Each structure stands twice: as structure tokens, then as C-alpha cells.
Amino acid sequence: MTNLLSHEQKVELIKRGFSRRSMGRLGLLLGAGSSLPFFNEPALAQLSNIGRISADAVKINANENPMGPCPEAAEAIHSVVQKGGRYLYEETFDFSKTLADQEGVKPNYVMPFAGSSDPLHRAVLAFTSPTKPLVMGDPGYEAGQRAAAFIGSKVITVPLTKTYAHDVKAMVAASPDAGVFYICNPNNPTGTITKKSDIEWLVANKPAGSILLLDEAYIHLSGEAFGTDLVAADKDVIVLRTFSKLYGMAGLRAGAAIGRPDLLSKIQHYGAGALPVTGMIGAHASLKVKTLVPERRKIIADIRTDTFDWMSKKGYSFVPSVSNKFMVDVKRPGQEIVKAMAAEKVYIGRVWKAWPTHVRVSVGTKEEMAKFKVAFEKVMA
């Protein structure tokens with residue numbers, strides 16, 4: 001498989017500490033692309049895939065937005081379906097231009113993708129190696145770990161702070177040779193924030209040659225400052241965005257990586273192909289609705305706050321979240337509660353190894369969370 005790599009790529013991989021065997025795995029990536037076991041959407045979905053469920057069941061296990069795409073996006077998607085026999089690259093270009101304008105970066109600083117998992121994997125493949133680890137918080141979103149494991153890169157996990165933020169100083173101290181520092185902000189699964197000042201400190205103090213991979217899949221739900229100003233300042237930062245969460249387009253697949261062109265060029269060759277025009281045009285339409293983000297942020301926050309108030313009154317222990325999911329300490333093996341809730345036809349999220357007695361719960365509709373309360377009180381009795 002190494003014959004799929006150019007001479008320049010082989011030289012760069014040797015510098016990153018790859019052996020001939022591990023270079024072969026990179027060659028496999030270039031040949032197989034999205035068909036790889038950790039790289040494709042069906043594989044990614046397995047952690048939250050529960051199969052078909054009854055119509056009266058509650059599915060709050062995958063941080064989805066039950067509101068779906070906004071009416072403007074739905075209309076744009078409907079109107080373009082009959083043109084789906086064309087690639088319609090111009091729709092992707094228009095989406096990129098609008099996102100770049102809104103984020104204050106040049107158009108060539110935006111690389112669109114079908115969601116944000118793809119560029120997350122690519123960045124790990126491009127910037128880590130057996131001698132350049134991936135450093136991330138624990139518990140944290142694990143997708144990058146699977147890509148790192150595939151190519152033999154070391155993964156260093158650093159516990160969150162007492163306020164459930166990323167411990168940026170411990171992360172930098174953990175590896176003087178790190179390739180990628182990964183921060184999901186707000187964090188998945190905890191839904192908690194790492195302060196912008198801490199992120200800026202990490203960028204200023206990280207090892208030379210490493211990058212910060214800043215996953216902002218949930219940032220619109222929090223009202224916190226974006227990290228794209230660091231990209232505009234030409235820092236070693238790649239910001240990930242998705243339209244799966246607040247924008248309600250998880251099944252339609254739209255997202256982007258935002259970074260310096262030289263950084264984006266390193267992730268570009270790990271895959272190719274036209275993007276789904278339905279996702280691109282839906283995302284573009286969503287960006288144009290100025291009231292969408294604050295309106296949906298408030299709807300989700302109101303439901304989350306109501307749920308937290310109820311849990312506090314009942315004496316349940318949970319991590320305060322500013323996102324569309326939260327962690328509950330059930331004081332016993334978490335998988336027992338996941339199974340018991342499923343028996344009540346309420347499907348909640350999974351358990352993280354670092355926190356074995358916690359379960360993740362997504363914020364659903366008001367009606368769904370009412371059913372969650374009834375089921376949760378029953379199984380916790």
C-alpha cells in the first residue's frame with residue numbers, strides 16, 4: 001500500500017516517526033478512504049445505534065436535535081432534490097463563502113465536509129504519529145482515539161478539572177512532542193465549557209509543530225465565544241463545526257474545518273468526492289436565518305433547566321451543562337441504568353470508562369424529558 005504515497009508524503013511520514021508498516025496503514029487510508037472501519041458514518045453510529053424503536057419510545061442517546069432542520073433549510077433541501085442528478089459544486093462553494101464571511105476568515109480558510117467527524121479523523125491522521133501523540137481530556141469524545149489507534153499513534157488522556165473543564169496546563173505538560181491537542185468545547189460528554197482564556201493559553205504554550213484541534217460541535221448551544229478568531233490570527237488551530245446539533249441536520253450531513261490553508265492542505269488528501277448537495281444547501285440556508293441560533297439555544301436551555309431543577313429537587317447528582325446533553329451520576333454501574341431505562345422505552349446515552357457510574361443523557365423535547373423523568377425516577381428507586 002505504500003505505493004499509494006508520493007515521495008514527499010513518505011519523507012514527511014518518516015519525519016513524523018512512522019515505520020514502513022505504519023506507512024502501509026496510511027497508504028491503506030488513501031486507497032480505502034471512507035470505507036475504513038473507523039472512518040465511515042455507519043461505524044461512527046454504532047455507539048448510539050439502537051436499531052428501530054417503537055413510535056412511543058424516547059430516543060435521547062445521541063445528542064440529536066429533535067427539532068430537525070429549520071423551515072428555511074427544509075424548503076431549500078426540498079427545492080434542490082430534483083436537481084440531485086448534478087454535483088452542484090457551486091452550492092458547496094456558496095456555503096463555504098458565507099461561513100467564512102460570518103467567521104471573519106478568508107474563503108480558503110474554510111473546507112466543507114459532510115459533518116465534522118470526517119475532518120476530526122483526518123486531522124488526527126495528518127498530525128499525529130507513533131512519536132507525536134494525541135492529547136485529550138477524559139472523559140472526552142473518543143472518535144479521534146480510533147483514528148490514532150489505527151495508525152499506531154499514542155493517545156494521552158488527561159482528567160478534566162474539578163469544574164469539568166479541560167486542564168490545559170496538564171495537557172501541555174503531558175507531552176512535549178504532541179502532534180494534536182484535542183478540545184471539544186463544550187465538551188462531549190459533560191456539556192461543560194473550557195474558558196477561552198485557557199484555550200488561548202494552550203495555543204501560546206503548546207509545543208512547536210503541534211496543532212490545537214478545537215471541536216465546536218456544540219458551541220452555538222452555549223453562547224460562549226467562538227475560537228475562529230484564533231484561526232483568523234493564523235494560529236496553529238483547526239476549528240471543527242457541524243450542523244448536526246443546534247441546526248438539527250444530523251442525518252443530512254454538513255460541517256466544516258476552519259483553519260490556515262497550509263493546515264487544511266494536510267488533511268485534504270485523506271479523502272475526496274463531492275459533498276451531498278442537500279446538506280450543503282440546507283446548511284447554507286440555516287446560516288442566513290439570523291434568529292435561528294438564539295431562538296433554538298433558548299428553547300433547549302429552557303428544557304435543560306427544567307430538567308435540572310427537577311433532578312435537584314429529587315436529589316440526583318449531575319454535572320451542570322450548557323449544551324444539549326449532561327452526565328448523571330447514578331451511583332452504580334451506569335450500564336445497569338442504561339439497560340433499565342431501555343426497558344422503559346427511554347433510550348439514553350452510553351457510559352465512559354473514566355466515569356463508570358455516570359450516564360449521558362441528551363436533551364430532547366419537553367414531552368420527551370417528561371417521559372425521561374418518570375422512567376428515571378422508577379429505575380432509580
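Here, the structure is the one placed above.
Criteria and cut-off values
Residues numbered from 1 in each chain as written. Predicted model: local features only at pLDDT ≥ 70, side-chain atom pairs only at ≥ 80, totals over all residues. Heavy atoms only, no water. Axes fitted to C-alpha atoms, helices over the stretch in contact; angles between N-to-C directions. Helix = DSSP H or I, 4+ residues; strand = E, 2+ residues; numbered from the N terminus. Parallel < 35°, antiparallel > 145°, perpendicular 65-115°, else oblique. Contact = heavy atoms within 4.5 Å. Nonpolar A, V, L, I, M, F, W, Y, C, P; charged D, E, K, R; others polar. Buried < 20%, exposed > 50% of the residue type's maximum accessible area, 1.4 Å probe, protein only. Pairing = 2+ DSSP bridges. Salt bridge = Lys/Arg side-chain N within 4 Å of Asp/Glu carboxyl O. Core = buried A, V, L, I, M, F, W, Y, C linked by side-chain atoms within 4.5 Å. Phe/Tyr/Trp six-rings, centres within 6.5 Å; stacked < 30°, edge-to-face > 60°. Lys NZ or Arg CZ within 6 Å of the ring centre and 35° of its normal.

Asker: An account of the packing of helix α6 (residues 117-127) against helix α12 (residues 261-268) is needed here, citing residue identities and associated values.
Answerer: Between α6 and α12, whose axes approach to 8 Å, the crossing angle comes to 95 degrees. Between α6 and α12, the angle falls in the class roughly perpendicular. Note on element contacts: α12 touches α6 through Leu 263, Lys 266, Ile 267 and Gln 268, opposite Pro 119, Arg 122, Ala 123, Ala 126 and Phe 127. Split by residue class, the contact of α6 with α12 holds six nonpolar, one polar and two charged.

Asker: Account for the pairing of strand β8 (residues 255-259), with residues named and values stated.
Answerer: In terms of burial, β8 is a largely internal element, five of the five residues being buried. Along β8, one buried face is formed by Gly 255, Ala 257 and Gly 259 and the opposite face, lined by Ala 256 and Ile 258, is buried too. With four bridges connecting them, strand β2 (residues 110-113) and β8 associate as antiparallel partners. Each bridged residue has a counterpart across the sheet, and for Phe 113 the counterpart in β8 is Gly 255. Where strand β7 (residues 237-242) and β8 come together, five bridges link them in antiparallel fashion. Bridging across to β8, Leu 240 finds its partner in Ala 257.

Asker: Can you tell me about the pattern of salt bridges, naming the residues and giving the values?
Answerer: Taken as a whole and judged by the stated rule, the model has 16 salt bridges. Measuring nitrogen to oxygen at the nearest pair gives 2.8 Å for the salt bridge that ties Lys 97 to Asp 101. Of this pair, Lys 97 and Asp 101 both sit in helix α5 (residues 89-103), four residues apart, which is roughly one turn of the helix. By relative accessible area, which is 40% here, Lys 97 ends up partly exposed. Across the pair Asp 118 and Arg 122 runs a salt bridge, and its minimum N-O distance is 2.6 Å.

Asker: Give me the lowdown on the nonpolar core, citing residues and values where you can.
Answerer: With 104 residues, the main nonpolar core has Ile 348 and Phe 376 as its most contacted residues. Counting residues per element, this core draws most heavily on helix α14 (residues 292-314), which supplies seven residues. Look past the residues within four positions of Phe 376 in its chain and what remains in contact with it is Trp 310, Met 311, Tyr 316, Val 328, Val 330, Ile 337 and Met 341.

Asker: Hey, could you go over the packing of aromatic side chains for me, with residue numbers and the actual values?
Answerer: Evaluated as defined, the whole model comprises 10 aromatic pairs. Between Tyr 164 and Trp 355 the ring centres are 5.8 Å apart and the planes differ by 75 degrees, which places this aromatic pair in the edge-to-face class. Pair noted here: Tyr 164 is in the loop between β4 (155-159) and α8 (168-174) and Trp 355 is in the loop between β11 (346-348) and β12 (358-362), with a separation of 191 residues, a long-range link. The class for Tyr 164 is partly exposed, based on a relative accessible area of 28%. Both rings, one in Phe 243 and one in Tyr 247, keep their centres 4.6 Å apart while their planes meet at 35 degrees; by these two values the pair is tilted. When the ring centre of Phe 226 is taken as reference, the NZ or CZ atom of Arg 241 above it lies at 4.3 Å.

Asker: Residue-level account of unusual backbone geometry, with values.
Answerer: A cis amide bond, omega 5 degrees, links Asp 138 with the succeeding residue Pro 139. Within the fold, Pro 139 resides in the loop between β3 (134-138) and α7 (143-151). Between Asn 185 and the following residue, Pro 186, the backbone shows a cis peptide bond with an omega angle of -5 degrees. Residue placement: Pro 186 occurs in the loop between β5 (180-184) and α9 (196-205). With phi around 55 degrees, Leu 88 is a residue other than glycine that occupies positive phi space. Structurally, the position occupied by Leu 88 is in the loop between α4 (71-80) and α5. Of note, Arg 253 is a non-glycine position whose phi angle comes to about 65 degrees, a positive value. Within the secondary structure, Arg 253 sits in the loop between β7 and β8.

Shape descriptors only; they carry no functional weight alone.
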